[in-house]
Amino acid sequence: KAGVTQTPRYLIKTRGQQVTLSCSPISGHRSVSWYQQTPGQGLQFLFEYFSETQRNKGNFPGRFSGRQFSNSRSEMNVSTLELGDSALYLCASSIDSSGNTIYFGEGSWLTVV
Amino acid sequence: AQSVTQLDSHVSVSEGTPVLLRCNYSSSYSPSLFWYVQHPNKGLQLLLKYTSAATLVKGINGFEAEFKKSETSFHLTKPSAHMSDAAEYFCVVRTPGDTGRRALTFGSGTRLQVQP
């Protein structure tokens with residue numbers, strides 16, 4: 001069974017640009033969540049989707065957005081990139097959002113220059 | 001609200017000696033607790049989880065953790081460290097319900113060094 005797949009794995013963007021990251025959950029998983037990991041702030045929750053609906057949102061500005069498609073694949077978008085957005089973005093999936101085990105992808109490394 | 005405190009940011013052990021990584025949590029409800037490991041430039045891998053069944057939880061690679069409600073702790077242990085255990089370890093709590101937040105709350109991480 002394939003794990004959580006994130007694309008692209010590495011990317012470099014310029015300040016002011018936007019970026020879209022993609023996540024394919026484990027087959028059969030309907031909940032997808034996103035996290036930002038930086039050396040200074042550690043792992044922080046961005047948002048969670050279940051059945052195409054955003055269930056939960058962390059404390060990030062509106063420049064960070066996401067969506068989930070009917071096949072449970074998810075995308076997150078960051079607009080007007082800032083240097084501080086440089087981070088590892090991790091996607092995780094679980095069967096549902098009730099507390100079942102969450103499985104993480106390898107992450108997308110974003111560098112903003 | 002929920003929170004997680006990993007009591008040590010760095011732990012260094014010799015190969016073959018026991019490992020103890022400490023974690024305390026707070027949660028309004030009966031939590032689910034997890035330990036994840038992150039090797040350099042990798043995502044997070046689940047080591048073990050506690051979800052209100054047995055309080056002593058066995059995970060992969062010889063790790064185990066004991067849920068102690070009275071102490072609000074979920075410490076991770078391994079009898080004998082291996083060089084490949086060198087990584088960052090995260091204690092994580094998930095509390096369903098409360099204000100509807102189902103997000104994971106991560107500890108700040110413990111970097112484990114294993115000396116030869």
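Relevant structure appears above.
Residues numbered from 1 in each chain as written. Chains lettered and ligands numbered in written order. Predicted model: local features only at pLDDT ≥ 70, side-chain atom pairs only at ≥ 80, totals over all residues. Heavy atoms only, no water.

Asks: Is there a simple way to think about the nonpolar core in this case?
Replies: Residues and elements named next belong to chain B. Counting 26 residues, the largest nonpolar core has Trp-35, Leu-48, Phe-74, Leu-76 and Tyr-89 as the members making the most contacts within it. Here this core gets 4 residues from one element, more than from any other, and that element is strand E10 (residues 87-94). Apart from the residues lying within four places of it in its own chain, the contact partners of Tyr-89 are Gln-6, Leu-21, Trp-35, Tyr-36, Val-37, Leu-47, Phe-63, Leu-76, Gly-109, Thr-110 and Leu-112. (Core = buried A, V, L, I, M, F, W, Y, C linked by side-chain atoms within 4.5 Å. Buried < 20%, exposed > 50% of the residue type's maximum accessible area, 1.4 Å probe, protein only. Helix = DSSP H or I, 4+ residues; strand = E, 2+ residues; numbered from the N terminus. Contact = heavy atoms within 4.5 Å.)

Asks: I would appreciate a short explanation of the side chain of Arg-63 of chain A in the present structure.
Replies: All names here are of chain A. Residue position: Arg-63 is located in the loop between strand E6 (53-57) and strand E7 (64-68). Given the relative accessible area of 16%, Arg-63 is considered buried. Side-chain polar atoms of Arg-63 contact the backbone oxygen of Thr-80, separated by 3.1 Å. One polar contact links Arg-63 to Asp-85, side chain to side chain, over a distance of 2.8 Å. Not counting the four nearest positions on each side in its chain, Arg-63 is found in contact with Asn-77, Val-78, Ser-79, Thr-80, Leu-81, Glu-82 and Asp-85. (Polar contact = N/O pair within 3.5 Å; in protein donor to acceptor, adjacent residues only side chain to side chain.)

Asks: What is the right way to look at unusual backbone geometry in this model?
Replies: Apart from glycine, the bulk of residues carry a negative phi angle, and the bulk of peptide bonds sit in the trans form. Along the chain, Thr-7 of chain A connects to Pro-8 of chain A via a cis peptide bond; the corresponding omega equals -10 degrees. Relative to the assigned elements, Pro-8 of chain A resides in the loop between strand E1 (5-7) and strand E2 (10-13). Phi at Thr-80 of chain A is positive, roughly 45 degrees, even though this residue is not glycine. Mapped onto the secondary structure, Thr-80 of chain A falls in the loop between strand E8 (74-78) and strand E9 (87-94). The class of Thr-80 of chain A is partly exposed, set by a relative accessible area of 47%. Its identity is not glycine, yet Thr-72 of chain B carries a phi of approximately 45 degrees, on the positive side. Residue Thr-72 of chain B is classed as partly exposed on the basis of its relative accessible area, which comes to 31%.

Asks: What should I look at first to understand the state of the cysteines in this one?
Replies: Disulfide: a covalent bond formed between the sulfur atoms of two cysteine residues. All names here are of chain B. Per the counting criterion, the structure on display carries 2 disulfides over all chains. In this model, Cys-23 is linked to Cys-91 through a disulfide, with the two sulfur atoms separated by 2.0 Å. Across the S-S bond linking Cys-23 and Cys-91, the dihedral sits near -65 degrees, which makes this disulfide left-handed. Taken together, the residues span a long stretch of sequence, with Cys-23 in strand E4 (residues 23-26) and Cys-91 in strand E10 at a distance of 68 residues. For the pair shown, Cys-23 and Cys-91 are each scored as buried. (Disulfide = S-S within 2.5 Å.)

Asks: Is there a simple way to explain the pattern of salt bridges in this structure?
Replies: All names here are of chain A. A complete count under the given rule lists 10 salt bridges over all chains for this structure. Among the ionic pairs, Glu-75 bridges to Arg-67, the shortest N-O distance being 3.3 Å. For Glu-75, a relative accessible area of 16% puts it in the buried group. Owing to a relative accessible area of 47%, Arg-67 belongs among the partly exposed residues under this scheme. (Salt bridge = Lys/Arg side-chain N within 4 Å of Asp/Glu carboxyl O.)

Asks: Is there a simple way to think about the pairing of strand E11 (residues 108-112) of chain A in this case?
Replies: Across a regular strand the side chains alternate sides, sitting on one face of the sheet and then on the other. Residue and element names in this part refer to chain A. The alternating pattern of E11 places Ser-108, Leu-110 and Val-112 on a buried face, while none of Trp-109 and Thr-111, on the opposite face, is buried. Pairing of E2 with E11, which is carried by 4 bridges, proceeds in the parallel orientation. Note on E11: the bridge partner recorded for Tyr-10 is Trp-109. (Pairing = 2+ DSSP bridges.)

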